[in-house]
Amino acid sequence: MSNSTTSPILVTGATGKQGGAVVRALLRAGRPVRALTRDPDSAAGRALSAQGVEVVKGDFTNPASLDAALAGVEGVFSMQMGSQPSDPETEIQTGKALVEAAHRADVNVIVHTSVARAGDHEDFIGWDEGRWEPLYWKNKAAVNEMVKTQGFRHWVILKPALIMENLVPPMVDFMFASLAARGQFETAIEPDTRLDWIAAQDIGAFAAAAFADPERFHGHEIDLAAESVTLVELAAKMAEGIGKPVSAVTFSEDEMLAQGHHPLHVRGQVWDNVEGYKVDLDAVRRWGLPLTSLDQFITQHRDKFVIG
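The rules behind these values
- Residues numbered from 1 in each chain as written.
- Predicted model: local features only at pLDDT ≥ 70, side-chain atom pairs only at ≥ 80, totals over all residues.
- Heavy atoms only, no water.
- Helix = DSSP H or I, 4+ residues; strand = E, 2+ residues; numbered from the N terminus.
- Rg over C-alpha atoms; globule rule 2.2 N^0.38 Å.
- Areas by Shrake-Rupley, 256 points an atom, 1.4 Å probe, with all protein chains shown as cover.
- Lys, Arg positive; Asp, Glu negative; His and termini not counted.
- Charge placed at Lys NZ, Arg CZ, Asp CG, Glu CD.
- Pairing = 2+ DSSP bridges.
- Contact = heavy atoms within 4.5 Å.
- Axes fitted to C-alpha atoms, helices over the stretch in contact; angles between N-to-C directions.
- Polar contact = N/O pair within 3.5 Å; in protein donor to acceptor, adjacent residues only side chain to side chain.
- Core = buried A, V, L, I, M, F, W, Y, C linked by side-chain atoms within 4.5 Å.
- Buried < 20%, exposed > 50% of the residue type's maximum accessible area, 1.4 Å probe, protein only.

1. Here we look at the overall build of the protein chain
Point 1. Of the regular secondary structure elements, the protein chain holds 14 helices and 12 strands.
Point 2. A globule of 308 residues ought to have a C-alpha radius of gyration of about 19 Å, and the protein chain, at 20 Å, matches this closely.
Point 3. Seen through its principal axes, the protein chain has C-alpha atoms that stretch 55 × 45 × 40 Å.
Point 4. Just so you have it, the protein chain exposes about 13800 Å², and 50% of that area is on carbon and sulfur atoms.
Point 5. Here the protein chain contributes 28 positive and 41 negative side-chain charges, whose respective centroids are spaced 5 Å apart.

Okay, here's the thing in structure tokens:
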């Protein structure tokens, strides 16, 4: 481990929304960045190299590759893929591999990204009756605990709510496919349910700030959202910003399932109604970092929206 700000930060998930935003924020701050990828010669890997990022080959299932990637780094941004029912241990195994490798490397600071409410799952209404998706919440909480208890000098857990980039391709095709087809949100989310949103670039800004001032951020689990709106309000913002009609329609859970929507997806929307992310927006603002509003995001990404 080096305590010099000239030592690199290793970013995992660097080709994704959050990791990519962290890379850009660190580069803007003048920090050297090392990105872990299974294929440095891929188009995404080459694009990172073109930005001045040191791209190294590595895999969470190969401890030696992680040790090599972490050699001499100041910190690590930890990002894992969520587990799937067909492979329920993925997130636990990859999280454990990275956390243990980072500890072996004696990194100064680890910034781990999770999700808002991770760790609160046992307090969810209906949790004991198995109402929600246990695999998702238990695995998120388990990796968080690994980060907190491994013994790092500095650790931070960022816990974003809904990410604004989910409103544009490719994720919108899964999250809100009806936007492209019919220009409307068709969900089980009630008209008065407020959803908490954060832009990926704000996640990147928080991570970069934590690497720059690890003492200030150490030991904090930070729920992240910049704005809380209903889907009706969001539709109105999009209509104004994009210049196309956008609306929001609520169906019952049974109606959504009958239309062929994935049960896990529908249950997640019902969870939004019953629980939700409940981010304290004032607490987020007290960190003093600029936050991207939905209006700003829509304006910045206007050409990326696909509205039927």
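After that view of the structure, there is still more to cover.
2. Section: the sheet that holds strand β9 (residues 194-198)
Point 1. Pairing within the open sheet is mixed, and its 3 strands lie in the order β7-β9-β11. Two strands in the sheet have a free side with no partner beyond their single neighbour: β7 (162-163) and β11 (227-230).
Point 2. Pairing analysis gives 4 bridges linking β9 to β11, with the strands arranged antiparallel. Paired with Leu195 across the strands is Val229, a residue of β11.
Point 3. This element, helix α10 (residues 231-242), spans β9 and β11 of the sheet and lies at about 100 degrees to β11.

3. A few points about the side chain of Thr12
Point 1. Topologically, Thr12 is positioned in the loop between β1 (9-11) and α1 (17-28).
Point 2. Within the structure, Thr12 has its side chain in polar contact with the backbone nitrogen of Met79 (distance 2.9 Å).
Point 3. The residues touching Thr12, leaving out its near neighbours within four places in the chain, are Gly19, Leu36, Phe60, Phe77, Ser78, Met79 and Leu98.

4. With respect to the nonpolar core
Point 1. By size, the foremost hydrophobic cluster in this structure holds 77 residues, and its most contacted members are Phe185, Trp197 and Met238.
Point 2. Per-element accounting of this core gives the leading share, 8 residues, to helix α8 (residues 200-212).
Point 3. For Phe185, the residues in contact, after removing those within four places along its chain, are Leu167, Phe176, Ser178, Leu179, Leu231, Leu234, Ala235, Met238, Val246, Ser247, Ala248 and Val249.
Point 4. The next biggest cluster of nonpolar side chains, apart from the first, holds 23 residues, and it includes Leu70, Val99, Ala101 and Ile110.

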